[in-house]
Amino acid sequence: MQRWLMKTEPEAFSIADLARKRREPWDGVRNYQARNYLRTMHKGDGVLFYHSNCAVPGVVGIARVARAAYADPTQFDPRHVHFDPASRRDDPRWSLVDVAYVRTLGRTIALDELKGRPELADFALVRRGNRLSVLPVSAAQWDFILGLE
DNA sequence: GCCAACGTTGGC
DNA sequence: GCCAACGTTGGC
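The structure contained in this document is the topic of the report that follows. Throughout this document, residue positions are counted from 1 along each chain, in the order its sequence is written. Key to labels: chains lettered from A, ligands numbered from 1, both in the order written. Owing to the predicted nature of the model, reporting of local features is limited to residues with pLDDT of at least 70; listing and counting of side-chain atom pairs is limited to 80 or more, with chain, interface and lining totals taken over all residues. Excluding hydrogens and water, the side-chain figures rest on all heavy atoms present in the structure.

1. Focus on helix 2 (residues 32-39)
An α-helix turns once every 3.6 residues. As a result, residues three or four positions apart point the same way. Inclusion rule: Throughout this description, buried means an accessible area under 20% of the type-specific maximum (1.4 Å probe, protein chains only), exposed means over 50%, and partly exposed covers the range between. Working definition: helices are DSSP H or I runs of at least four residues, strands are E runs of at least two. Numbering for both runs from the N terminus. For this quantity, the arc is that covered by the directions from the helix axis to the C-beta atoms. Note on definitions: a residue-residue contact is assigned when non-hydrogen atoms from the two residues lie within 4.5 Å. Under this definition, polar contacts are N or O atom pairs within 3.5 Å; protein pairs additionally need one hydrogen-donor-capable and one acceptor-capable atom, and for neighbouring residues in sequence, both atoms have to be side-chain atoms.
Here helix 2 has its buried residues at Ala34, Arg35 and Leu38. Projected down its long axis, helix 2 carries its buried residues within an arc of 100°, all on one side. Buried positions along helix 2 lie against strand 1 (3-8), strand 4 (58-71), strand 5 (95-110) and strand 6 (134-137). The N-capping residue of helix 2, defined by a side-chain oxygen 3.0 Å from the backbone nitrogen of Gln33, is Asn31.

2. Digging into unusual backbone geometry
Despite not being glycine, Arg22 shows a phi value in the positive range, around 75°. By the secondary structure assignment, Arg22 is in the loop between helix 1 (15-21) and strand 2 (23-25).

3. With respect to the environment of Phe83
On the secondary structure map, Phe83 appears in the loop between strand 4 and strand 5. Classification of Phe83 as partly exposed rests on a relative accessible area of 32%. With near-sequence residues (within four places) excluded, Phe83 lies in contact with Thr74, Gln75, Phe76, Asp77 and Pro78.

On their own, these measurements won't tell you what the molecule is for.
Right under this line is the structure:
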C-alpha cells in the first residue's frame, strides 16, 4: 500500500462532504506532476485528506483510493470549468481516481504543527512554495502525522 | 485581499 | 529553446 496526501479547499469539497457521499471521483487535477502521481495510485492506497486555503489548513481525515486512475470526464465537457479543448478522447490528457471516506480525525492536524518537525524535513507539503495538490507520503511520515492526533 | 511562488503559454 | 507575461495556488 502506498500513501498520499490530497489537498482540497473545504468550501469546494470538504471531509464532511466526503463523509456524506462516502465516495467521490477526484476530478479537476490539471497539473502534470499531480496527474502523474494519480496515475501511479493503486486501489487501497491511503490518503491524508487535507484542507487548504482556509482558516486552519491541515490534515482533517483519512480516505483511501477506491478506484485506480481513469480518464477525467470533465476534460471533455465544454460547459465544465475544467474543460480542456486540447485533450483528445483517444488520448486523454487528465486522469482522476475515486476516493472513499475512511474517517474524520478527532481534530485538525494543522499545517502549523507540521512545520519545523525534523521527521517531516523531506515532506514536500512543508517546503516553501509548494503548490502540488497531490503528494506522496512515506510510511514514516504517515505514522508520524497521525501520531499527532 | 495580498502577494510570493511556481507552472504554462506563446512570441521570437 | 529562451524568457516575459500571465494565471493559479495557497498561506497569511
